[in-house]
Amino acid sequence: MPSMLCVTVRFHEGRYHGLDNRRAHEWPPAPARLFQALLAGAARGTEVPATVAAALDWMQALPPPVIAAPRSTPGQAYLSFVPNNDLDAVLPAHRYYGDAVAKTRVGKRIRPALFDAAIPIVYLWSVGDDDQIPALCAAAKGLYQLGRGVDMAWADAVLVDGAEAERQLLEHGGVVYRPAGDAEGHDRLLCPRAGLLHSLTVRFEAMRTRFRMDRTERRPVRAFVQPPKPRLAWVAYGAQPHRFTFELREPDARAGYAALPLHRATELVQGARDKAAEHLRAAVPDLADSVDRYLIGRGAGDTDKASRVRLVPIPSVGHEDADMAIRRLEVLVPQTCPLAAEDVSWAFSRVAWRRDDGLVVRHLQRGDDGRMAARFAQRGRHWRSVTPLALPVGRRRVDPDRAVGNAKGGAERAAEESRAAAAVRQALRHEGVSAPVAQVLVQREPFDRRGARAEWFAAGTRFSKEKLWHAAVTFAESIPGPLVLGNGRFVGLGLMCPNDAKLRGVIAFAIADGLSDRAEPSVVVRAARRAMMARVRDSLPHGAALPTYVSGHGAGGAPARSGTHRHVAVVADLPRSRLFYIAPTELQRRGLTWRDIEKRHRRLASALEGMDILRAGSAGRLTLVPMALDPERDPLFAPALVWESVTDYAVTRHHRRGQSMEDALRLDAAAELERRGSPRLSPDTVEVLSVRRGPRGGVSGRLRLTFRAAQVGPLMIGRTSHKGGGLFAGAAKHWRRIGGPTALRSG
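Quick caveat: nothing in here was measured; it's all calculated off a predicted structure.

Calculation notes
- Along each chain, residue indices are assigned from 1 in the same order as the chain's sequence is written.
- The predicted nature of this model means local features are confined to residues of pLDDT at least 70 and side-chain atom pairs, given and counted, to a pLDDT of 80 or more, with totals for whole chains, interfaces and linings taken over all residues.
- By convention in this description, side-chain values take in all heavy atoms of the structure and omit both hydrogens and water.
- Counting from the N terminus, the helices are DSSP H or I runs at least four residues long and the strands are E runs at least two residues long.
- Note on definitions: a residue-residue contact is assigned when non-hydrogen atoms from the two residues lie within 4.5 Å.
- Relative accessibility thresholds used throughout: buried, under 20% of the residue-type maximum; exposed, over 50%; partly exposed, between the two (1.4 Å probe, protein chains only).
- Pairing of aromatic side chains requires ring centres within 6.5 Å, counting the rings of Phe and Tyr and the six-membered ring of Trp. Pairs whose planes differ by under 30 degrees are stacked, by over 60 edge-to-face, and all others tilted.
- For this analysis, a nonpolar core means a set of buried residues of the types Ala, Val, Leu, Ile, Met, Phe, Trp, Tyr and Cys, connected via side-chain atoms within 4.5 Å.
- Each residue gets a pLDDT score, which is the predictor's confidence in that residue and runs from 0 to 100.
- Here, a salt bridge means any Lys or Arg side-chain nitrogen found within 4 Å of an Asp or Glu carboxyl oxygen.

Overview of the overall build of the protein chain
(1) Moving on: Helix and strand counts for the protein chain come out as 17 helices and 36 strands.
(2) Moving on: Looking at the protein chain alone, contacts between residues at least 24 apart form 75% of all its contacts between residues at least 6 apart.

Here you go:
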């Protein structure tokens, strides 16, 4: 294992005031603050020893460290009135300085973080043996504060091997924060990056001369010059909870799963929770108060919610014919929970359900490789509820015996669903999800074939059936799971599952506003393609060339001619006001797998996150909103026997002399379908709806394709398929229905 640079910081008092006023919370202290504290402690006046400067210059290029810190709680907030930064500019204009100070005084809200000062904060950088380590260890001796001036601290630094570093993390007794792969869903901390030391030096000099005399006017004026910002990087940090997966098993150790129906999720969670609490109280009576607060939730306040043990029922999913029965229970123990993770695991491993005669019916067995639970922990932009959300708003109950004359009208139903959608957004805020929400759909019916209606989950709970809702949420950017929402999230309700896998190669946007009545698909596609390439280019290192996957061109600038379609297609479905970026695996039915392009498509999806405005010339200034697709009902993706053109199909080859344009279209389309891996059609099953000749002799037109067996979309063929041409939609009366709820989704 590589060596680790270990910097240990101890505070004189268990209070940390170095919080950013623009943020609600910052804990642990950011690595950038430690870097600045080391620099300040080593400085002698305006000079920094050359050895320390060289060591810090080396340190700023290291990858973000692992941080171990004691558990913290927010302290009492107070307002401190202090002179703001304009005081130096105001003082010379007044003879009486007291008035100047009063006029420039502002209130700053300070809320310290409280923690156990006996537990140090440990920063661990992965390094090799380097000559700069001794200088850094010496610089750590000079650290005297970390945060504000009242946050007095001291530090030690030492080089340890990897095994010793892991041992320190295990024995630390606090929370371990590690750099996360993606910023969303995690706290972000400022970290050093290359060039930070130089930028701090420049900022220090600029701060000394930020008020200057501007003599360009008739009368000299004192001007304020903003000092340059330091070169810092936001890095996502996450303190992952301890995860334990238990299987529901029958009494015989060699027997199968003791599966429970999905609608009994709350019964399972509450029963397992109460039995585990009894075992913990009996084993360690001193933990009774903590068990009640952090496992049962009795007496827990708002500040305790993030530290509570969470139980997640795991149904069997992954296939449309999966029965969605519950066979597993995942126990998540946050690192901030006062209950030891292994103690909680031990208590749940002893949980068993017995009959009245004492015979065990089912029990929890520690095991499972966690693959089923990992389905709910994946990243995604489109999430659908598996168990309904318990929301503070409900539906008006209609008595079945008095339904006549008491039925709901459309306006009342829309108002109920609008309030429920707003409550879903509020539930996301309570869960700490900050990603922008593009769309919320609510309904009573399940989204899966084998799911259960919302009201079925009300039995045995404190929630009325009118306040249970199934919900689908589309985010502007992907977020990590698991995602559990609503007032019943601690009793098994509100479990969400990512729904990106069915159309993982399609990035969809709804055109919410700005589309011109006479907009042409080719104009919108051209603008969308340029926007895609610009956003991808901005995400690449300076000077790097666009990948062929995005541009469709090789290294020399010539069009890619590999014989297969290996770059993204841009599609404008203007009749339904939508825009798509479609991976080549969706168009090329053979010769290409998702594994071949997965990383490239994920990078593209990341680059397109946050694109909300598209300037498309004569087509208008388009407002884009990420949207979820239903592959079972969408006319571009649902299985159908008959497909009709949405945009013109352009032939891939010139037709022969003496051949009519209609015959050229039929023959070329049939051959193109075979090349793409679709079933070959005879020319007589390709109906020409319209045909025209282009300025260069190319033939294009609208077609109707009739297959013997239903085909799934998207169906895009022809010479211009990667630029929105040759798009087909299934004829509605020829769709093949594939299960699922028959009710339309509400929104």
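Once you've had a look at it, read on.
Considering helix α9 (residues 288-296)
An α-helix turns once every 3.6 residues. As a result, residues three or four positions apart point the same way.
(1) Moving on: Turning to α9, its buried residues are Val291, Asp292, Tyr294, Leu295 and Ile296.
(2) Moving on: Next to the buried residues of α9 lie α8 (265-283) and α10 (341-349).
(3) Moving on: Of the residues flanking the end of α9, it is Gly297, one or two places downstream, whose phi is positive at about 95 degrees.

Quick word on the packing of aromatic side chains
(1) Moving on: Tallied over the entire structure, the rule returns 8 aromatic pairs.
(2) Moving on: Ring geometry for Phe246 versus Phe348: centroids 6.2 Å apart, planes at 40 degrees, classification tilted. Of this pair, Phe246 sits in strand β15 (residues 242-249) while Phe348 sits in helix α10, placing them 102 residues apart in sequence.
(3) Moving on: By relative accessible area, which is 0% here, Phe348 ends up buried.

What to know about the side chain of Ser700
(1) Moving on: By secondary structure assignment, the location of Ser700 is in strand β34 (residues 699-711).
(2) Moving on: On the basis of relative accessible area, Ser700 is assigned to the buried category, the value being 9%.

Re unusual backbone geometry
(1) Moving on: Between Gly481 and the following residue, Pro482, the backbone shows a cis peptide bond with an omega angle of 0 degrees.
(2) Moving on: Among the secondary structure elements, Pro482 is positioned in the loop between β23 (468-479) and β24 (483-484).
(3) Moving on: Geometrically, the link from Gly713 to Pro714 is a cis peptide bond, its omega value of 5 degrees lying close to zero.
(4) Moving on: Positionally, Pro714 belongs in the loop between β34 and β35 (715-716).
(5) Moving on: A positive phi angle is found at Met324, which is not glycine, with a value near 60 degrees.
(6) Moving on: Mapped onto the secondary structure, Met324 falls in the loop between β16 (310-315) and β17 (326-333).
(7) Moving on: Positive phi, normally seen in glycine, also occurs at Ser577, with a value near 55 degrees.
(8) Moving on: Positionally, Ser577 belongs in the loop between β27 (569-573) and β28 (578-582).

Some words on the nonpolar core
(1) Moving on: In this structure, Leu295, Val309, Val331, Val333, Phe348, Leu364 and Leu468 are the most contacted members of the largest nonpolar core, which totals 52 residues.
(2) Moving on: Listing elements by their share of this core, those giving two or more residues are β15, α8, α9, β16, β17, α10, α11 (371-376) and β25 (495-498).
(3) Moving on: With 7 residues, the top contributor of residues to this core is α8.
(4) Moving on: Apart from the residues within four sequence positions on either side, Phe348 is in contact with Phe246, Ala272, Arg273, Ala276, Leu295, Leu311, Val331 and Leu364.
(5) Moving on: If you look at the next biggest cluster of nonpolar residues, it comprises 47 residues, including Phe35, Leu56, Leu143 and Leu197.

So, the confidence of the model for the protein chain
(1) Moving on: A residue-level look at the protein chain finds 88% of positions with pLDDT of 70 or above and a mean pLDDT of 83.
(2) Moving on: Element-level pLDDT for the protein chain is lowest in helix α3 (residues 87-90), with a mean of 52, against a maximum mean of 94 in strand β21 (residues 389-390).
(3) Moving on: Confidence drops under a pLDDT of 50 for residues 93-97, and excluding neighbours within four residues, the segment shows 3 contacts in the predicted structure.
(4) Moving on: Low confidence marks residues 735-747, where pLDDT is under 50. Its contacts with residues over four positions away, or in another chain, come to 40 contacts.

Quick notes on the pattern of salt bridges
A side chain with one charge may pair with a side chain of the opposite charge, provided their charged atoms come close.
(1) Moving on: Tallied over the entire structure, the rule returns 28 salt bridges.
(2) Moving on: The salt bridge involving Glu166 is made with Arg178; its shortest N-O contact spans 4.0 Å. Of the two residues, Glu166 sits in helix α6 (residues 162-171) while Arg178 sits in strand β10 (residues 175-179), which places them 12 residues apart along the sequence.
(3) Moving on: With relative accessibility at 37%, the residue Arg178 sits in the partly exposed group.
(4) Moving on: A salt bridge links Asp323 to Arg327; its shortest N-O distance comes to 2.8 Å.
(5) Moving on: Bridged by salt links that share partners, the residues Asp573, Arg576, Arg578 and Asp634 form one connected network.

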